[in-house]
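Chain by chain, the residues:
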Amino acid sequence: MANIDTKKEFLKLRQEYIVNRFSHHLNPEQVEAVVTTEGPLLILAGAGSGKTTVVVNRIMNLLEFGNAYSSEWLRRDPTEEDCDLLRNAVKSGTRYPQEIRDLMYAGFIRPWNILAITFTNKAAGELKERIRNGVEATLEGVDPNEVFASTFHSMCVRFLRRDADLLGYPKSFTIYDDDDSQRVMKEIYKTFDIDDKLLPVRTCLGRISRLKDKLIDDKSYADQIDNDRDRTMARLYREYQTRLRKAGAMDFDDLIFNTVKLLEDNKEVREHYHDRFRYIMVDEYQDTSVAQFRLCQLLTNDNKNICVVGDDDQSIYRFRGATIENILSFEDHFPGAKVVRLERNYRSTGAILDAANAVIAHNKGRKGKNLWTDKPSEPPLTVYCAMDEQDEAHFVVGQILKHKQEGVPLKNNAVLYRMRAQSNALENHLRRAAIPYKIVGGTRFYDRAEIKDIISYMELVANRDDDLRLKRIINKPSRKIGDTTINAIQDIAQGLGVSMFEVCMNAGDYPMLSRAAKSIKGFCDVYENLAEYEDDIYELVEHIISDTGYRQMLEADGEEGTARLQNVEELLSNVRNYIDETEEPTLNGFLEDVALISDIDSYDPNEDACVLMTFHSAKGLEFDYVYMVGMEESIFPSEQSKYTAEDIEEERRLAYVGITRAKKELVMTRTESRLLFGSTRRNSASRFLGEIPQELVTDKTPERKRNSYQDQIEKLRQNSRNQYNRRQRPQKSYFTGSTLNDIKPKYQKSDEKYAPGDTVEHKVFGRGKILDSVPMGGDTLLTIDFEKVGIKKAMANYAPLTKL
DNA sequence: ACTAGCCACTTTTTT
DNA sequence: AGTGGCTAGT
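Residues numbered from 1 in each chain as written. Chains lettered and ligands numbered in written order. Predicted model: local features only at pLDDT ≥ 70, side-chain atom pairs only at ≥ 80, totals over all residues. Heavy atoms only, no water.

Novice: Which residues make up unusual backbone geometry, and what values do they have?
Specialist: A cis geometry characterises the amide bond from E378 onward to P379, with omega recorded as -15°. When you line up the elements, P379 lands in the loop between helix 17 (350-360) and strand 9 (381-386). In this chain, F636 is followed by P637 through a cis amide linkage whose omega measures 5°. In this fold, P637 is placed in the loop between strand 13 (623-628) and helix 30 (645-659). (Helix = DSSP H or I, 4+ residues; strand = E, 2+ residues; numbered from the N terminus.)

Here it is in structure tokens:
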């Protein structure tokens, strides 16, 4: 009896010791998250709340103290003396007694029992780095590299390299990127004779991708359709899968999908990972898809030690298949889940946080939280209304220059925009001011044609069934193997059901290829030579560059060729780095890294250049000075997101992400008119500006247009009052909520009400019937069935409508 | 096999 | 406005 009490007391003391240990450098909520190791845990981590610190410390806790609650791992029952020892350590705050550590030996969690999943390589890298630092400082005999920290995709690749054969794929399968997928799909369009104007290839691939995100395979999709348009879709989906499978290739979505299948269908595999991964952590949980959720579920063993970290307010990838529901319903998916909220922000000033809180408060679908800080509220945010995008860029550059003179490094400035097209004016002005800048995003190094060529050679060495890669390089450099020949090879291969490579190897056997047989033979010889170097990547790449004549081809191509050659050389040094940094460098390993790397991964925050990027790319980063440009309706929120409440909420989350990137100062600009895509437009102030309380903002727009500006704001404010009167608003608005009212008067019938069944006349689309009307943000979203153009959606106040 | 010229497109995109 | 992709012509 006494024994049980001692045990209880012992465990209690142990817990107390651990809490004390982490309380030194963490706030109470963070400690709570760190010491909650057993059972499902949701950490709602607001922007800048130190969530990576929490994740790292939680892992440290697991590694150092093991399972804090369970006594079944004890070597022997704890005694009164043990309790005294611990009690002493708690009181005096001394080191964890070695005797106690020894007692718990069997309960230690080994590093490989911990799985930490992130979304980007960068995040995974940072996590590994910080775990390494922490472990080296405090823990002996633990190899921090054995913690499995990786992205969803690399993890899946690892799993699939082990067991892909169970799914009928070669273990050396190839990973297709978007570009590869597009090529495949384009070919399918050709064979099926489908017009890509009817269904653009991108759209089609996007839909397939969404289906895979939802774990709907080609067969079950085909079973659930009921119209011709979808039937085409289903055919394309099926054919796409068939071709990839035949090429031994998986696209990004397949990596997740197939891993789910692997775990679902194979009990032994599942048990293998259940046994290994006893503690699972998932970062950026708000951006997981259905498939990724399922994957987490399958990986979680009966102990349900799954900890997810995320911020529902920062979910910005719905358009890519992320479902915010995963985080909103975590407690339903994992009953008994504990929730910890991290709302204390260590990043931004009070003003910035107040603005962020005020904006995001307008969203309905959220868990609700309020960031706070004890930092001062100064200085206020700056807003500026430029005349046009040139003036806007000029203003931003001026601010950056001002900071530069004050001694602020350029790298502390970040300009954020909604779309890439906005970067142009900024770039020009930065160049003119001789300010070094760096654009994050855009073309990846590995997306450059010459790099993809070399990689394709490598891929082909790794997997000779890959027709796509073969086609890419069989005539690069020119070997006199033209389209006609390539098509012939393809046809023969298709007829025989073998790979194109196979056909090439026996080119002499086919009369159709007689004329090109010699050239094809030449290619095969080159290939055979290269295949010798499969186990020495560096040699392989060197030989690809020289033996294929690729270098000569570039050298003959003047200035551009020289630049490309430099890229190729850089690839070579990347290979060197990979070999030096990797324990077991392999061809497939390198190709994986390449396939799964993104532009943001190579973003170097130490280079002293001002940074330009989209709001999306900015997630997870922070800067002293942030400029949010193009704060206009139709730009941010973007034009096509105006129509549904969900889209607007996602845009608002994006705005929230933008605002919370800033540490010291936030500048928001808009223009009166802007040249975009070849035409000049006038957009009114973004509703998000209107959602920021007046007292947080200083307007730096010069006198020249104060009047018109002020007029507009006054008008907007009146509208805003009418709209938000009932709904409790946090604070009075500086600008206004909806600015739609501002554009519409041309057409607006005073407070015209539309109800389903009404007939209307649209200035452009003609006559139609209202199917549905949903009130939304002071306006009404109408679904109208037009006689001529079919069903469309329109905002009642915005659309040129007349009630008949 | 290569190139000029025309057309259509243009939101975001961790992997 | 600028780009990328495709067709037609050499």
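Novice: Go over the sheet that holds strand 12 (residues 610-614) with me, naming the residues and quoting the values.
Specialist: Within the open sheet, the 7 strands sit side by side as 11-12-10-13-14-9-17. Their pairing is parallel. A strand with exactly one partner marks an edge of an open sheet, and here the two such strands are strand 11 (437-439) and strand 17 (697-699). Each neighbouring strand pair of the sheet contributes to a mean axis angle of 25°, computed without reference to strand direction. Strand contacts of helix 17: strand 9 and strand 14 (662-671), with the helix running at about 55° to strand 14, the strand carrying the most contacts. (Pairing = 2+ DSSP bridges. Axes fitted to C-alpha atoms, helices over the stretch in contact; angles between N-to-C directions. Contact = heavy atoms within 4.5 Å.)

Novice: Residues and numbers for the pattern of salt bridges, please.
Specialist: Scanning the model with the defined rule gives 52 salt bridges in all. A salt bridge links E64 to R21; the nearest nitrogen and oxygen atoms lie 2.9 Å apart. You can see E64 sitting in helix 3 (residues 51-65) and its partner R21 sitting in helix 1 (residues 2-23), a full 43 residues away along the chain. Among the ionic contacts, a cluster of salt bridges with common partners joins D177, D179, D180, R183, K452, D453, E459, D466, R469 and R472. (Salt bridge = Lys/Arg side-chain N within 4 Å of Asp/Glu carboxyl O.)

Novice: Could you give an account of the state of the cysteines, with specific residues and numbers?
Specialist: Across all of its chains, the model carries 0 disulfides by this definition. With no disulfide of its own, C156 has C296 as its nearest cysteine by sulfur position, at a separation of 9.6 Å. Its relative accessible area of 0% is what places C156 among the buried residues. A disulfide-free cysteine, C307 has its sulfur positioned 11 Å from the sulfur of C296, the nearest such atom. Given the relative accessible area of 0%, C307 is considered buried. (Disulfide = S-S within 2.5 Å. Buried < 20%, exposed > 50% of the residue type's maximum accessible area, 1.4 Å probe, protein only.)

Novice: Which residues make up the packing of helix 9 (residues 201-213) against helix 11 (residues 228-246), and what are the values?
Specialist: One can describe the packing of helix 9 onto helix 11 by two numbers: an axis separation of 10 Å at closest approach and a directional angle of 75°. Put simply, helix 9 runs roughly perpendicular to helix 11. On the side of helix 9, the interface is formed by C204, L205, R207, I208, L211 and K212, while helix 11 contributes R229, D230, M233, L236, Y237, Y240 and Q241. Of the residues contributing to the contact of helix 9 with helix 11, the split by class is 8 nonpolar, 1 polar and 4 charged. (Parallel < 35°, antiparallel > 145°, perpendicular 65-115°, else oblique. Nonpolar A, V, L, I, M, F, W, Y, C, P; charged D, E, K, R; others polar.)

Novice: Break down the confidence of the model for chain A for me, with residues and values.
Specialist: On average, residues of chain A score 83 in pLDDT, and 89% of them reach the 70 mark or higher. In the model, residues 717-750 has pLDDT below 50 throughout and makes 73 contacts with residues more than four positions away in sequence or in other chains. (pLDDT = per-residue confidence, 0-100.)

Novice: Break down the nonpolar core for me, with residues and values.
Specialist: Grouped together as the largest cluster of nonpolar side chains are 51 residues, with contacts concentrated most on I455, M458, L513, I520, I537 and F590. Ignoring any residue separated from it by four or fewer positions in sequence, one finds L513 in contact with T485, A488, I489, I492, V503, A507 and I520. Counting 46 residues, the second largest nonpolar core, distinct from the first, contains F65, V147, Y279 and V340. (Core = buried A, V, L, I, M, F, W, Y, C linked by side-chain atoms within 4.5 Å.)

Novice: Help me get a handle on the protein's contact with DNA strand B, residues and values and all.
Specialist: Surveying the vicinity of DNA strand B reveals 29 residues, the closest of which are R320, R418, G482, S598 and T614. Side-chain polar atom of N121 to a phosphate oxygen of DNA strand B: 3.2 Å apart, as the coordinates give it. Between DNA strand B and S617 there is a distance of 3.2 Å, counted from a phosphate oxygen to a side-chain nitrogen or oxygen. A class-by-class count of the residues in the surface near DNA strand B yields 9 nonpolar, 11 polar and 9 charged. (Near = heavy atom within 4 Å. Polar contact = N/O pair within 3.5 Å; in protein donor to acceptor, adjacent residues only side chain to side chain.)

Novice: Outline the sheet that holds strand 7 (residues 306-310), listing residues and values.
Specialist: Judged by pairing direction, the sheet is parallel, and its 6 strands sit side by side in the order 3-2-6-7-1-8 without closing on themselves. Only two strands of the sheet have a single neighbouring strand rather than two, namely strand 3 (148-151) and strand 8 (338-342). Ignoring which end each strand starts from, the neighbouring axes of this sheet average 15° apart. Against the sheet, helix 2 (residues 28-35) engages strand 1 (41-45) and strand 8, with an angle of about 145° to strand 8. In this fold helix 6 (residues 121-138) packs onto strand 2 (114-118) and strand 3, with an angle of close to 160° to the strand it touches most, strand 3.

Novice: I'd like to hear about a negative patch on the surface, residue by residue, with values.
Specialist: Together, E136, D143, E146, E583 and E584 line one region of the surface with negative charge. As for its position among the elements, E583 is in the loop between helix 27 (558-581) and helix 28 (587-596). We classify E583 as exposed; its relative accessible area is 79%. (Patch = residues over 30% accessible without salt bridge, like charges linked within 9 Å, V, L, I, M, F, W, Y side chains within 5 Å. Areas by Shrake-Rupley, 256 points an atom, 1.4 Å probe, with all protein chains shown as cover. Lys, Arg positive; Asp, Glu negative; His and termini not counted. Charge placed at Lys NZ, Arg CZ, Asp CG, Glu CD.)

Novice: For helix 30, give the residues involved together with the corresponding values.
Specialist: For helix 30, built from 15 residues, the straight-helix expectation of 21 Å at 1.5 Å per residue is met to within 8% by its first-to-last C-alpha distance of 21 Å. In terms of burial, helix 30 is largely enclosed, as 12 of its 15 residues are buried. All of the buried residues along helix 30 are I648, E649, E650, E651, R652, R653, L654, A655, Y656, V657, G658 and I659. Where the residues of helix 30 are buried, they touch helix 17, strand 10 (413-417), helix 29 (615-618), strand 13, strand 14 and helix 31 (687-690). (Expected span 1.5 Å × (residues − 1).)

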